[in-house]
Amino acid sequence: MSMHYEDYMRQVIQPMRQELVNGGFKELRTEEEVANYMESAEGTTLVVINSVCGCAAGLARPSAIISLQNDTKPDHLVTVFAGQDKEATAKMRFYFEGIEPSSPSMALLKGNEVVHFIPREQIEDRSVEDIVSNLTSAFDVHCK
């Protein structure tokens, strides 16, 4: 892969990264950052596996951010970027035992255990309101 392409992709995805960061999510960009976070994870965490895919990721990012307007919400918010931060994404998926890789996707964790997972199939072709409802219902059950 050429350096031109990699530089181009970094520029293209920057607004996609920034959307979640501006929404309060902490980016975990390396395998070490993910391992350190997960080894000390306490409370509840919403993890967004971000991606370039316009059809689903364009729904996932705003849905994740809007869901945080719910009275009950996770203690922590983190994100990894599939296809860009490959090692970080692979490490995060390591903790999603028994769950097939899916980009974009969202996982609600208690400690480092997945208690609710929304794969790409439950994001694409859904409305933002449906995705937000899915998330906030999980928050109401697991984030008390």
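Only a predicted model underlies this, so the values are computations on that prediction, with no experimental measurement involved.

What counts and how
Residues numbered from 1 in each chain as written. Predicted model: local features only at pLDDT ≥ 70, side-chain atom pairs only at ≥ 80, totals over all residues. Heavy atoms only, no water. Helix = DSSP H or I, 4+ residues; strand = E, 2+ residues; numbered from the N terminus. Rg over C-alpha atoms; globule rule 2.2 N^0.38 Å. Buried < 20%, exposed > 50% of the residue type's maximum accessible area, 1.4 Å probe, protein only. Contact = heavy atoms within 4.5 Å. Areas by Shrake-Rupley, 256 points an atom, 1.4 Å probe, with all protein chains shown as cover. Lys, Arg positive; Asp, Glu negative; His and termini not counted. Charge placed at Lys NZ, Arg CZ, Asp CG, Glu CD. Patch = residues over 30% accessible without salt bridge, like charges linked within 9 Å, V, L, I, M, F, W, Y side chains within 5 Å. Salt bridge = Lys/Arg side-chain N within 4 Å of Asp/Glu carboxyl O.

**Quick notes on the overall build of the protein**
Each helix and strand counted, the protein has 5 helices and 5 strands in total. In sequence order, the protein lays out its α and β elements as α-β-α-β-α-β-α-β-β-α. On C-alpha atoms alone, the protein measures out to a radius of gyration of 14 Å, which is about the 15 Å that the 2.2 N^0.38 rule sets for 144 residues. Each principal axis of the C-alpha distribution contributes one length, and for the protein these read about 45 × 35 × 30 Å. Considering the protein as a whole, with its 144 residues, one finds that 45% of them fall into the buried category. The contacts in the protein between residues at least 6 apart in sequence include a share of 72% that link residues at least 24 apart. In the structure as shown, the protein presents an accessible area of about 7,500 Å², 48% of it carried by carbon and sulfur atoms. Treating the 13 positive side-chain charges of the protein as one cloud and the 22 negative ones as another, the clouds have centres 2 Å apart.

**Digging into a negative patch on the surface**
Residues Glu31, Glu32, Glu33 and Glu87 make up a contiguous surface patch of negative charge. Position of Glu33 relative to the elements: it lies in helix H2 (residues 31–39).

**Considerations on the pattern of salt bridges**
Using the criterion set out here, one finds 6 salt bridges in the structure. Put simply, Arg10 and Asp7 hold a salt bridge, and the shortest N to O gap is 2.5 Å. Separated by 3 residues within a single helix, Arg10 and Asp7 lie in helix H1 (residues 3–22), roughly one turn from each other. Among the residues examined, Arg10 registers a relative accessible area of 41% and is labelled partly exposed.

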